[in-house]
Amino acid sequence: MDLHLKGKIVVVSGSAGKEGSIGETIIKRLADEGAIPALVDRNSRGFGYAEELQKKGIDALFVQTDVTDPGQMESAVKQIIAKYGRIDAVINNVGVNDGAGLDASYEEFMDSLKLNVVSYFLMVKYALPYLKESKGNVLNIGSKVALTGQGGTSGYAAAKGGVLGLTREWAVDLIQFGIRSNAIIIAESYTPAYEDWIKTLPDGETVLKKINKSIPFESRMTKTEEIADTALFIISDRSSHTTGQFVFVDGGYVHLDRALISDVN
Ligand SMILES: NC(=O)c1ccc[n+]([C@@H]2O[C@H](COP(=O)([O-])OP(=O)(O)OC[C@H]3O[C@@H](n4cnc5c(N)ncnc54)[C@H](O)[C@@H]3O)[C@@H](O)[C@H]2O)c1
């Protein structure tokens, strides 16, 4: 199926993670489809990613940005517009499960909100005039933590809950402009950031096995490619009547019968 993404300018926040991160995988998939990724991240790795694509003859732009800084976010959108003159879709993907729990300070809690939800607001706010022109759309990356809780991560849980709230709020707000707004909810995906977390645990391998077993479909984590492919489908005009939706790409983790898990294992 041709997703009609050729030449589309797609802004992806948090897209300069290590190779195999969700943002980096989305960028690769966009490039495969002939779209033009605009990477927004604070990590200078993004320069290398954009250069790699350019060497293959694929256009791309990296704007090094701290997404918690409103001025830098406004400037990032301006730089994208200065180069391409349009934005067709925004994928808000930045996010860190930073463990700001009930013992965190006020500042730590607020910092978590700034990174994990306020940055989503800023991106859409500054990109909106251009999304209106292109009748573009917004895709937010959510987490099961918003719905199931995790423990010890109040900031991230509140933020990802906010992300789901904003997804529906914007779907309503922006219907008048023909702009869609959706979210993908991820449960467990073995990204480099996830691996880093597992490595901090004294019994990481055991925890990993337990988590894999708890995922109903095939007792395995969601591949980043599976998330990226769903993301591309949702932002494409092949999903032209889908808005305000939470799409769970989670191997049934959040919804399926617990009894199923013991059957599988
Ligand atoms: N991996 C999972 O199992 C999982 C589960 C649920 C939700 N998610 C969500 O998926 C998304 C991507 O996750 P990932 O595992 O690929 O993470 P990742 O850590 O690889 O990606 C996060 C990116 O955010 C960037 N970043 C962090 N702080 C920044 C800042 N202040 N300014 C600009 N950039 C900043 C990092 O440089 C990195 O590139 C996140 O929103 C995460 O919450 C992941």
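Looking at an unreviewed UniProt entry, the protein chain carries the name Short-chain dehydrogenase, with the source organism given as Flavobacterium salmonis. The UniProt entry for the protein chain carries the following text under Sequence similarities (unreviewed entry): "Belongs to the short-chain dehydrogenases/reductases (SDR) family."

Colleague: I'd like a rundown of the side chain of Ser143, residues and numbers included.
Modeller: Turning to its location among the elements, Ser143 is positioned in strand S5 (residues 137-143). Not counting the four nearest positions on each side in its chain, Ser143 is found in contact with Tyr156, Lys160, Ile185 and Ile186.

Colleague: For the layout of surface pockets, give the residues involved together with the corresponding values.
Modeller: A water-sized probe rolled over the atoms picks out the places where empty space is left. Roughly 1500 Å³ of internal volume is contained in the largest pocket. Forming the walls of the largest pocket are 47 residues, and the residues nearest its centre are Gly95, Val96, Asn97, Thr191 and Ala193. Secondary structure elements with two or more residues in the lining of the largest pocket: helix H1 (22-32), strand S2 (36-41), S5, helix H5 (145-148), helix H6 (154-173) and helix H7 (192-199). Tallied by class, residues from the lining of the largest pocket come to 18 nonpolar, 20 polar and nine charged. No fewer than three residues from each of domain 1 (9-187 + 222-252) and domain 2 (192-221) sit in the lining of the largest pocket. In this structure, the second largest pocket encloses a volume near 240 Å³.

Colleague: A description of the domain arrangement of the protein chain should follow, citing residues and the corresponding values.
Modeller: Along its sequence, the protein chain is organised into domain 1 (9-187 + 222-252) and domain 2 (192-221). Placing a centre on the C-alpha atoms of domain 1 and another on those of domain 2 gives a separation of 24 Å. Looking only at domain 1, the three residues that lose the most surface to domain 2 are Lys18, Thr222 and Gly251, adding up to 57% of its buried area. The tally of links between domain 1 and domain 2 comes to two salt bridges. Of the charged contacts, one joins Lys18 and Asp196 as a salt bridge, the two residues approaching to 3.2 Å between their closest N and O atoms. Run the count over domain 1 and domain 2 and you get three residue pairs in polar contact (both at pLDDT 80 or more). Per-class residue counts for the side of domain 1 that touches domain 2 are no nonpolar, five polar and five charged.

Rules used in this analysis
Residues numbered from 1 in each chain as written. Predicted model: local features only at pLDDT ≥ 70, side-chain atom pairs only at ≥ 80, totals over all residues. Heavy atoms only, no water. UniProt positions renumbered as here; feature names shortened; annotations may be inferred. Helix = DSSP H or I, 4+ residues; strand = E, 2+ residues; numbered from the N terminus. Contact = heavy atoms within 4.5 Å. 1 Å grid on protein atoms, 1.4 Å probe; cavity = no way out; pocket = protein on both sides within 12 Å on 5 of 7 lines; lining within 4 Å. Points joined across faces, edges and corners; volume = space filled by probe spheres on them. Nonpolar A, V, L, I, M, F, W, Y, C, P; charged D, E, K, R; others polar. Domains from an automatic or database assignment. Buried area = accessible area lost by both parts, 1.4 Å probe. Salt bridge = Lys/Arg side-chain N within 4 Å of Asp/Glu carboxyl O. Polar contact = N/O pair within 3.5 Å; in protein donor to acceptor, adjacent residues only side chain to side chain.

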